[in-house]
Amino acid sequence: MEKGTLVEFRVGSDRRLGVVDRPDGKARWFVVDERGQSHSLAPRQITYTVSGQTYKPSQIPEFLEEVKPYLDPSSLEVAWELLVETGETATPAEMANLLFSSSEAYHCYAAYYLLSDDKIYFKQKGDAYEPRTSAAVAERKHQLEVEALKAKGQQEFLTRVEEALKGELVEWQRHDRHRLEALEKYASLLADIVRVGLSYDTLARAYPPPQPVQETMNLLGRPATPQGAFQLLVDLGWWNEHENLFLRRSSIPIQFPTKVIEVAQQRLDSHLPDRDNRLELTHLKVYTIDDESTTEIDDGVSWESLPDGRERLWVHIADPTRWLSPEDDLDLEARKRGSTVYLPTGMIPMFPEVLATGPMSLVQGKICCALSFGIILDEAGAVEEYSIHPSLIKPTYRLTYEDVDEVLHLGVEAEPEIAAIAQWANRRKAWRYAQGAISINMPEAMIKVKGKGEDISIDILEDSQSRQLVAEMMILAGEVAAKYGQKHNIPLPFRGQPQPELPPEQELVQLPAGFVRACAMRRCMPKSEMSITPVRHAGLGLDTYTQATSPIRRYSDLLTHFQLKAHLRGDVPPFSAEQLKEVMLSVSTITQEVTMVERQTNRYWALEYLRRNTDRVWETVVLMWLREDSGLALILLEELGLQLPMFFKRSVKLGEEILVKAAHSDPHKDVIQFQEIIYQEA
């Protein structure tokens, strides 16, 4: 190649012009660009050679200025229209003649420049360029439009991201939401750190990011890992730092479909015919007893004295089946959810709130539809007589557990019914324990979170007289519902529990009394079981039992109502034994997941509470060994009702009372480390 030849070469994706200076060995050339920089190039790196004369590096800017006026990409469309019919190819020189009626060096380079940059009209074929077909050009134009729109969308997204990162209010667009939802799904994998026990690094390797996530994180210059996606969502204000990943990783629906909301509103607005022949019970004084925050009120209790001197207890249960039918939209949505989800941050209802907290609930002062269980007990507390009725009631008082405890403590004469119900509840409890019921009393933490986690409170759920009263009445209604189903051979979701193999008495008495002994017994209790035929519930001391008292909140209870109410009307129950078994199986799987999410979420907030209170000293009891050989035990923080693991470096005994601090707590990693506090005597 002659010294002074002007050539084009590429540095990365940049075009450069340079002048050949001298050979570099046998096959390479030193080329000097306009900046005076020397480049050693192989022949394949040279993309175009300007023929006709020689140049100096200082002349390159002047040459480019001569080329510049001719670099109009639209001119290629004219040439393409002339050549596409014949399909003739054209070299840069021929294209220069066609476009500019000249083949001067700068015209030829301009033609080459346009052709090599062109993505629409021509494709290279050797040293020449061939026109694309009309169909190919149309497709290329469409692709470029799509790419341009995508690039524009990306830029607009980046602008909104920058605004959000500055704390500005952003109106996210539909395509933004697709990106953010993909990030949500990927970030939710962090729940596996707790669920499966993976580390951050292992998780990132096990789950490489999907293409939309990779693209978004690359755009923003952030690591494409679940942790990186989580942090981005928090930084954008799309999530808060305490986002419930367990819930997001689950299959539990958070929102109701629009169709279900519409159906709920239609039912609310319509006057549904009542197919049930209801017993008028509005003369009874009805007490609903719940926590103050409860909004789904699905049970109430009454007491009445009969003319023959006997006393009848009434357990009134909300009647949500009044508002739906098996297999309709509301029923199928409730079945998909399995139950209401109770979390420290709030609840996710099984039914739309417009129904669940309104017409489905037993609202004070309003005439409500109910399923009422009238029960007469014998002196020992066994069921002597019962009846079940679709009914009309009018709840008299909405009370909290604290209200009822106060009434019982003060002996309020105006409410003798409460004292009577409490007396029967005590008698009933004694009867159950005489039948073999097993009592395991362990403190239970009730965790409440306000706002987005600004305030966390943990209280112990007291086993008060009022709670025992309600529990006994609900268990009683469950036994009666099961007895009715058994008597009339109705398939119901019966609930049982196998007889536990408790430690021998001599072993139990060797354990410290109280929590340690209760913990040892709890470990021996088998899980409850569901069956379409009656089965004994050992823990409750009942030969037959089903849950029927929370049909707004538990789908299995709703099934019981569907079956019982159909039989009471004289209809065939809507679910055959096999159908009921199939539905119960699917619902059982869902409710297990709900229970797991509730447990994991409570643990997260318990660890977050301890993280914020690392200076507090807690009184604890060593409950049981988890791995005695490595010093890992389960301890009970008595003030909080929390049971958490702790490693001991010294020998401790079960039941030993120790003082600890939470030395380190990381709820995201499900890590808690306690430090024993030993005060030295002066």
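Keep in mind it's a predicted model, so treat the numbers as computed, not measured.

About the thresholds
Residues numbered from 1 in each chain as written. Predicted model: local features only at pLDDT ≥ 70, side-chain atom pairs only at ≥ 80, totals over all residues. Heavy atoms only, no water. Axes fitted to C-alpha atoms, helices over the stretch in contact; angles between N-to-C directions. Helix = DSSP H or I, 4+ residues; strand = E, 2+ residues; numbered from the N terminus. Parallel < 35°, antiparallel > 145°, perpendicular 65-115°, else oblique. Left-handed = near helix turned anticlockwise from the far one by under 90°. Contact = heavy atoms within 4.5 Å. Nonpolar A, V, L, I, M, F, W, Y, C, P; charged D, E, K, R; others polar. Pairing = 2+ DSSP bridges. pLDDT = per-residue confidence, 0-100. Core = buried A, V, L, I, M, F, W, Y, C linked by side-chain atoms within 4.5 Å. Buried < 20%, exposed > 50% of the residue type's maximum accessible area, 1.4 Å probe, protein only. Salt bridge = Lys/Arg side-chain N within 4 Å of Asp/Glu carboxyl O. Patch = residues over 30% accessible without salt bridge, like charges linked within 9 Å, V, L, I, M, F, W, Y side chains within 5 Å. Areas by Shrake-Rupley, 256 points an atom, 1.4 Å probe, with all protein chains shown as cover.

**Here we look at the packing of helix α16 (residues 416–434) against helix α17 (residues 465–487)**
Argument step 1. Remark: α16 packs on α17, axes separated minimally by 9 Å, with the N-to-C direction vectors making an angle of 65°. With respect to each other, α16 and α17 are oriented roughly perpendicular. Relative to α17, α16 is oriented so that their crossing is left-handed. For the pair α16 and α17, contact is made by I418, I421, A422, A425, N426, R428, K429, W431 and R432 and by Q465, Q468, L469, E472, M473, I475, L476 and E479, respectively.
Argument step 2. For the contact of α16 with α17, a count of residues per class yields nine nonpolar, three polar and five charged.

**Describing the packing of helix α1 (residues 60–67) against helix α4 (residues 105–117)**
Argument step 1. Packing of α1 against α4 brings their axes to within 9 Å, and their N-to-C directions diverge by 70°. Classed by the angle they form, the pair α1 and α4 counts as roughly perpendicular. Here the hand of the crossing between α1 and α4 comes out right-handed. Contact residues: α1 offers F63, E66 and V67, while α4 offers A105, Y106, Y109 and A110.
Argument step 2. Class assignment of the residues belonging to the contact of α1 with α4 gives a composition of six nonpolar, no polar and one charged.

**Things to note about the sheet that holds strand β2 (residues 14–24)**
Argument step 1. Overall, antiparallel pairing links the five strands, which are arranged β4-β3-β2-β1-β5 in an open sheet. Looking at which strands have only one partner, the edges of the open sheet turn out to be β4 (38–41) and β5 (46–50). Direction aside, the axes of adjacent strands within the sheet are offset by 40° on average.
Argument step 2. Examined bridge by bridge, strand β1 (residues 6–11) and β2 share six bridges and lie antiparallel to one another. Residue E8 lies in a different strand from β2, and its bridge partner there is L17.
Argument step 3. Those strands touched by α1 are β1, β2, β3 (28–33) and β5, and its axis lies near 140° from that of β2.

**Overview of the sheet that holds strand β21 (residues 618–627)**
Argument step 1. Taken in spatial order, the five strands make up an open sheet running β23-β22-β21-β24-β25, and their pairing is antiparallel. Lying at the two open borders of the sheet, with one neighbouring strand each, are β23 (642–647) and β25 (671–677). Going from strand to strand, the sheet's axes swing by 45° on average, the running direction of each strand aside.
Argument step 2. Across seven bridges, strand β24 (residues 657–666) lies against β25 in antiparallel orientation. Across the sheet, the residue bridging to A662 is F674, located in β25.
Argument step 3. In the packing of helix α19 (residues 515–524) onto the sheet, the strands contacted are β21, β22 (632–637) and β23, and the crossing angle to β21 comes to about 35°.

**Some words on the confidence of the model for the chain**
Argument step 1. Counting all residues, the mean pLDDT for the chain is 93, and 100% of those residues have values of 70 or more.
Argument step 2. Between the elements of the chain, mean pLDDT differs from a low of 83, seen in helix α7 (residues 192–195), to a high of 98, seen in strand β11 (residues 311–318).

**Some thoughts on the nonpolar core**
Argument step 1. By size, the foremost hydrophobic cluster in this structure holds 62 residues, and its most contacted members are W172, L183, L610, L637, L640, F648 and F674.
Argument step 2. When residues of this core are assigned to their parent elements, the largest contribution, nine residues, is made by helix α21 (residues 577–611).
Argument step 3. Not counting residues within four places of it along the chain, the set of residues in contact with W172 comprises F157, R160, V161, A164, R177, L180, L236 and W238.

**Observations regarding the environment of S134**
Argument step 1. You can see S134 is positioned in helix α5 (residues 134–165).
Argument step 2. Accessibility expressed as a relative area gives 46% for S134, which makes it partly exposed.
Argument step 3. Beyond its immediate stretch of four places on either side in the chain, S134 contacts W80 and V84.

**Section: the pattern of salt bridges**
Argument step 1. All chains considered together, the criterion is met by 50 salt bridges.
Argument step 2. Here D21 and R22 are joined by a salt bridge, their closest N and O atoms 2.8 Å apart.
Argument step 3. What you see here is one network of salt bridges that share partners, running through D274, D276, R278, D319, R322, K565, R569 and D571.

**Examining the side chain of S466**
Argument step 1. Mapping S466 onto the fold places it in helix α17.
Argument step 2. Looking at S466, the relative accessible area reads 0%, which means it is buried.
Argument step 3. Dropping the residues within four chain positions of it, S466 is found in contact with Y401, V404 and D405.

**Some details on a nonpolar patch on the surface**
Argument step 1. Together, V78, L82 and L98 make up an exposed nonpolar region whose accessible area comes to about 270 Å².
Argument step 2. Mapped onto the elements of the fold, L82 is located in helix α2 (residues 75–83).

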